[in-house]
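Read off the chains here:
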Amino acid sequence: MSRVIVALDFQDRLDALQLVGQLDPARCRLKVGKEMFTRFGPGFVQVLQGRGFDVFLDLKFHDIPNTAAAAVEAAADLGVWMVNVHASGGRHMLEACARQLAVRNADERPLLYGVTVLTSLTDNEIREIGWSGSSEEAVTRLAGLAHESGLDGVVCSAMEAELLKSRFGPGLGLVTPGIRPAFAVQGDQQRVMTPAKALAAGSDYLVIGRPITRAEDPMEALAKIEAEIAG
Ligand SMILES: O=C(O)c1cc(=O)[nH]c(=O)n1[C@@H]1O[C@H](COP(=O)(O)O)[C@@H](O)[C@H]1O
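Residues numbered from 1 in each chain as written. Predicted model: local features only at pLDDT ≥ 70, side-chain atom pairs only at ≥ 80, totals over all residues.

A. Quick peek at the site of the ligand. Among the 19 residues in the neighbourhood of the ligand, the closest are listed as Ala7, Thr119, Pro177, Gly209 and Arg210. Elements supplying a minimum of two residues to the shell around the ligand: strand 3 (55-61), strand 8 (205-208) and helix 9 (210-213). Tallied by class, the residues present in the shell around the ligand amount to eight nonpolar, seven polar and four charged. (Near = placed C-beta within 6 Å. Helix = DSSP H or I, 4+ residues; strand = E, 2+ residues; numbered from the N terminus. Nonpolar A, V, L, I, M, F, W, Y, C, P; charged D, E, K, R; others polar.)

B. Quick peek at the nonpolar core. Ranked by size, the top nonpolar core spans 67 residues in total, and within it Ile5, Val6, Val72 and Cys97 carry the most contacts. Per-element accounting of this core gives the leading share, six residues, to helix 6 (residues 135-148). The contacts of Cys97, once residues within four sequence positions are left out, are Ala68, Ala69, Val72, Val85 and Leu112. (Core = buried A, V, L, I, M, F, W, Y, C linked by C-beta atoms within 7 Å. Buried ≥ 20, exposed ≤ 12 C-beta atoms within 10 Å, placed from the backbone. Contact = placed C-beta atoms within 7 Å.)

C. Layout of the environment of Gln22. Secondary-structure assignment places Gln22 in helix 1 (residues 13-22). Residues Gln22 and Met219, 197 residues apart in the sequence, show an inter-C-alpha distance of 7.4 Å. Sequence-distant contacts of Gln22, that is, excluding residues within four places in its chain, are made with Pro218 and Met219.

D. A look at the packing of helix 6 against helix 7 (residues 161-168). With their axes 11 Å apart at the nearest point, helix 6 and helix 7 run at an angle of 40 degrees to one another. The orientation of helix 6 with respect to helix 7, classified from their angle, is oblique. As for the relative orientation of helix 6 and helix 7, their crossing is right-handed in sense. Residue-level inspection shows Glu136, Thr140, Ala143 and His147 of helix 6 in contact with helix 7, the latter providing Leu163, Leu164, Arg167 and Phe168. Split by residue class, the contact of helix 6 with helix 7 holds four nonpolar, two polar and two charged. (Axes fitted to C-alpha atoms, helices over the stretch in contact; angles between N-to-C directions. Parallel < 35°, antiparallel > 145°, perpendicular 65-115°, else oblique. Left-handed = near helix turned anticlockwise from the far one by under 90°.)

E. Local environment of the sheet that holds strand 1 (residues 4-8). Pairing within the closed barrel is parallel, and its eight strands lie in the order 1-2-3-4-5-6-7-8. Adjacent strand axes in the sheet meet at a mean angle of 25 degrees when their direction is disregarded. Where strand 1 and strand 8 come together, three bridges link them in parallel fashion. Bridging from a neighbouring strand, Val6 pairs with Ile208 of strand 8. Where helix 4 (residues 91-102) meets the sheet, it contacts strand 4 (82-86) and strand 5 (111-115), and its direction lies at approximately 170 degrees from that of strand 5. (Pairing = 2+ DSSP bridges.)

F. Spotlight on the UniProt feature "domain: Orotidine 5'-phosphate decarboxylase" (unreviewed entry) in the protein chain. Per the UniProt record, the feature "domain: Orotidine 5'-phosphate decarboxylase" (unreviewed entry) sits at residues 3-225. The straight-line gap between the two end C-alpha atoms of residues 3-225 is 11 Å; of that span, 45% is helix and 17% is strand. (UniProt positions renumbered as here; feature names shortened; annotations may be inferred.)

If you want it as structure tokens, here you go:
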């Protein structure tokens, strides 16, 4: 199964479905984030699932434990493959979310991932927020918290993947956005890496949006990424 997750960030439902119509569930999974979920709701996720795709519901929940756990439960009821929360929501929130899913059979619950430090943040911005240390230190701290709290993995930049795998071992899954093939522009992402380098560093899943979705020929872009990974 492919390790590519295509980020569907579209304003227009038909534009998104036109791309999805060209994609094969054996070649990628799909991510639905805040923009499309807010516009088109759970029905849109169900359409994608009906077409055979595993869906990563990327709503980055961050709230009091009771509310966050209930939101994670709603994602599980929707049947998504993966859901995420902000690891900075704290230990009690993370544990409550993990506990909420633990009552389900392993194959009947989504994977639960914790967002560490957004790939768009620089060390300067991290300091401005008030987190101590470099991005690597903040990511390691939050990944440790997520791991101890029973999450399946974390969302981080591929630049931290090697460090996290060596620190926490293969039991902590890594989803890495901020993937930029050589042919793509960096845009608002700061901590970026190419697909092949990210996998070599220890990423389990690559989240790739605009380099595919905004390419002149999205299928050609995906094929180039697959060739880079294979080669
Ligand atoms: O949780 C995420 O998926 C996420 C976390 C993060 O730190 N950085 C990040 O870019 N993302 C998401 O990954 C996608 C990246 O898209 P592109 O920058 O277009 O490849 C977007 O949908 C972001 O919302």
